[in-house]
Amino acid sequence: MLIVVGFVIVLLAVFGGFVLQDGHLAALFQPYELLMIFGGALGAFVIANDRKAIGLTWHSVPMLFHGSRYTRELYMALMALMFDLLTKVRREGLMALENEIDAPYESAIFTKYRIILLDDHLMDFITDYLRLMVSGTMNSYQLENLMDNEIATYQEDADIPVQAIHKLADGMPAFGIVAAVMGVVHTMGSIGRPPAELGGLIAAALVGTFLGILLSYGLVAPLGSLLHRRHQEVVKALQCVKVTLLASMNGYAPTIAVEFGRKVISATERPTFAELEGHVRQLKSR
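Residues numbered from 1 in each chain as written. Predicted model: local features only at pLDDT ≥ 70, side-chain atom pairs only at ≥ 80, totals over all residues. Heavy atoms only, no water.

1. Structural notes on the overall build of the protein chain
Scanning the protein chain for helices and strands turns up eleven helices and zero strands. Secondary structure of the protein chain in N-to-C order comes out as α-α-α-α-α-α-α-α-α-α-α. Radius of gyration (C-alpha) of the protein chain: 27 Å, far over the 19 Å computed for a compact globule of 286 residues. Seen through its principal axes, the protein chain has C-alpha atoms that stretch 90 × 40 × 30 Å. Per-residue burial for the protein chain yields a buried fraction of 41% across its 286 residues. For the protein chain, contacts bridging at least 24 residues in sequence account for 76% of all contacts bridging at least 6. Carbon and sulfur atoms provide 64% of the accessible area of the protein chain, an area that totals close to 15800 Å². (Helix = DSSP H or I, 4+ residues; strand = E, 2+ residues; numbered from the N terminus. Rg over C-alpha atoms; globule rule 2.2 N^0.38 Å. Buried < 20%, exposed > 50% of the residue type's maximum accessible area, 1.4 Å probe, protein only. Contact = heavy atoms within 4.5 Å. Areas by Shrake-Rupley, 256 points an atom, 1.4 Å probe, with all protein chains shown as cover.)

2. Section: the UniProt feature "domain: Motility protein A N-terminal" (unreviewed entry) in the protein chain
Here, the residues flagged by UniProt with the feature "domain: Motility protein A N-terminal" (unreviewed entry) are residues 4-93. Annotation note: span residues 4-93, helix share 73%, strand share 0%, distance between end C-alpha atoms 50 Å. (UniProt positions renumbered as here; feature names shortened; annotations may be inferred.)

3. A word on the packing of helix 4 (residues 72-92) against helix 9 (residues 195-249)
One way to put it is that helix 4 packs onto helix 9 with a least axis distance of 11 Å and a crossing angle of 25°. Looking at the two axes, helix 4 sits roughly parallel to helix 9. Relative to helix 9, the crossing made by helix 4 is right-handed. Two secondary-structure elements touch here, helix 4 through Tyr75, Leu78, Met79, Met82 and Leu86 and helix 9 through Glu233, Lys236, Ala237, Cys240, Val241, Thr244, Leu245 and Ser248. (Axes fitted to C-alpha atoms, helices over the stretch in contact; angles between N-to-C directions. Parallel < 35°, antiparallel > 145°, perpendicular 65-115°, else oblique. Left-handed = near helix turned anticlockwise from the far one by under 90°.)

4. Focus on the pattern of salt bridges
Here the structure, examined in full by the defined rule, presents eleven salt bridges. Here Arg131 makes a salt bridge to Asp102, at a shortest N to O gap of 4.0 Å. Residue Arg131 is found in helix 7 (residues 120-135), and its partner Asp102 is found in helix 5 (residues 98-102); the two are separated by 29 residues along the sequence. Under the relative-accessibility criterion, Arg131 is labelled partly exposed at 35%. Salt bridges linked by common partners bring Asp102, Asp128 and Arg131 together as one network. (Salt bridge = Lys/Arg side-chain N within 4 Å of Asp/Glu carboxyl O.)

5. Quick notes on the UniProt feature "domain: MotA/TolQ/ExbB proton channel" (unreviewed entry) in the protein chain
Under the local residue numbering, the UniProt record ascribes the feature "domain: MotA/TolQ/ExbB proton channel" (unreviewed entry) to residues 125-238. End C-alpha atoms of residues 125-238 are separated by 7 Å, and the span's content is 92% helix alongside 0% strand.

Encoded structure:
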């Protein structure tokens, strides 16, 4: 919804200001200019990216039009889940988690937190590293290094569509200039026409530059920035799990380990200690 609101603000500000200056919107409707800009930018996008980058970009854009999943509600559920898992470890030992992580979608603990079950990244990260902890073959330093490498790999893959979108946006003003130059060429080829017609042709040519810049900085580039923000939210959740598990491996009680993880959460989504404690108690009483 915010994307739509932002687009509307951009378009109203630009075209509304033009109308208030007694401009005629019909003069800005230049479909052939749009064809040159979009077609050229799309072609350059295909040339600059491989199948992986194109596929990741294609699948990433739709997620921008949905609200962020990483809300306070999700973090409350994540911290409560980690507390339950670590409490079970504290009471029964790491081997008690073997059945839970082998079949998490049938687990009595995991199924209490369906909002977490719907997040594949979090589920894979939690179960994979709990499985390594159960195996008992790695110390906390080795596990931390492996977690950091996995998070870094996720960030590298997540940056591929972000960079592709930004490069697409960077190319649009240039293709707007190309469209404008083509319009000027067309105007010069029609130099024998009356001045009024030549003025219209020149105006149409200049629209190309305008559209290229508007589409780039007003529509496409902001999508790349938002996509980067969405991927950073995933990274922040993974780091939250990482810190919590490492604190547990270093001997801290579940309550303290969860507090370590809570401190990593962004301030806008971070629950207070009292809120998290009350949430966990409420779940226990069910």
